Amino acid sequence: MGGATYSGTAMWGLTRSTRVFLRSGATDLRLGFDGLSALVKNQLGQDLLSGSLFVFCNRSRTRVKVLTFDGSGLWLCMKRLERGTFRWPQTTDQEVEPAALYALLTGLEVEGQRKWFRK
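Here goes a summary of the coordinates provided. (Residues numbered from 1 in each chain as written. Predicted model: local features only at pLDDT ≥ 70, side-chain atom pairs only at ≥ 80, totals over all residues. Heavy atoms only, no water.)

### A few points about helix H2 (residues 98-105)
Line of reasoning, step 1. The buried fraction of H2 amounts to 6 of the 8 residues, a majority that puts the element mostly inside the structure.
Line of reasoning, step 2. Lining the buried residues of H2 we find strand E1 (20-22), strand E2 (53-57), strand E3 (63-69), strand E4 (74-80) and strand E5 (94-96).
Line of reasoning, step 3. Following H2 by one or two positions, Gly107 has its phi on the positive side, about 110°. (Buried < 20%, exposed > 50% of the residue type's maximum accessible area, 1.4 Å probe, protein only. Helix = DSSP H or I, 4+ residues; strand = E, 2+ residues; numbered from the N terminus. Contact = heavy atoms within 4.5 Å.)

Structure, rendered in structure tokens:
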């Protein structure tokens, strides 16, 4: 991939300006489009149709769901780990850099992430 997107996340058109919101703690991933949409609005206080990515994790931290709007409809994607767990933030819902989402989905920790200056 070129410098504008992050490998493994190109299907979302993820760029450095894409907003990514993580819901901390455990989310019941039996929820589908409607249930997760309600969490985006009521818990995260965000507009579902903004094109941002909204990311949720289950209690055992072995599954993640991503909800986003691509301009014509909603996408709901899920990743299940075969071994190990995600290093998921437990205390505070947060907005993270797109690179941090990529790092999280590949096994790195994003808790306490620092904002870097970028032109």
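### Observations regarding the pairing of E4
Within a regular strand, side chains alternate between the sheet's two faces.
Line of reasoning, step 1. By the bridge criterion, 7 bridges tie E3 to E4 in an arrangement that is antiparallel. Each residue of the ladder has a partner; that of Phe69, found in E4, is Leu74.
Line of reasoning, step 2. What sits between E3 and E4 in their antiparallel hairpin is a turn of 4 residues, with Gly71 showing a positive phi close to 105°. (Pairing = 2+ DSSP bridges.)

### Side note on the side chain of Arg23
Line of reasoning, step 1. Tracing the chain through its elements places Arg23 in the loop between E1 and helix H1 (33-42).
Line of reasoning, step 2. For the buried Arg23, no salt bridge exists, and the shortest N-O distance to an oppositely charged side chain is 4.9 Å, to Asp93.
Line of reasoning, step 3. If sequence neighbours within four positions are ignored, Arg23 has contacts with Leu39, Gln43, Leu44, Val55, Phe56, Trp88 and Asp93. (Lys, Arg positive; Asp, Glu negative; His and termini not counted. Salt bridge = Lys/Arg side-chain N within 4 Å of Asp/Glu carboxyl O.)

### Brief notes about the environment of Thr62
Line of reasoning, step 1. Among the structural elements, Thr62 can be located in the loop between E2 and E3.
Line of reasoning, step 2. Residues Thr62 and Glu82, spaced 20 residues apart in sequence, show a C-alpha to C-alpha distance of 7.8 Å.
Line of reasoning, step 3. Excluding its chain neighbours within four sequence positions, the residues that come into contact with Thr62 are Lys79, Arg80, Leu81, Gly84, Thr85 and Phe86.
Line of reasoning, step 4. A distance of 3.1 Å separates the side chain of Thr62 from the side chain of Ser60, its partner in a polar contact. (Polar contact = N/O pair within 3.5 Å; in protein donor to acceptor, adjacent residues only side chain to side chain.)

### Side note on the nonpolar core
Line of reasoning, step 1. Grouped together as the largest cluster of nonpolar side chains are 15 residues, with contacts concentrated most on Val20, Leu22, Val55, Val64, Trp88 and Leu101.
Line of reasoning, step 2. Looking at this core, the elements with two or more residues in it are E1, E2, E3 and H2.
Line of reasoning, step 3. Counting 10 residues, the second-largest nonpolar core is a separate cluster that includes Phe21, Leu29, Leu44 and Leu67. (Core = buried A, V, L, I, M, F, W, Y, C linked by side-chain atoms within 4.5 Å.)

### Overview of H1
Line of reasoning, step 1. All of the buried residues in H1 are Leu36, Ser37, Leu39 and Val40. For H1, the angular spread of the buried residues around the axis is 155°, confining them to a single face. Facing away from the buried side of H1 by over 90 degrees, the exposed positions are Asp34, Lys41 and Asn42.
Line of reasoning, step 2. Elements that come into contact with the buried residues of H1 comprise E2, E3 and E4. (Arc of directions from axis to C-beta.)

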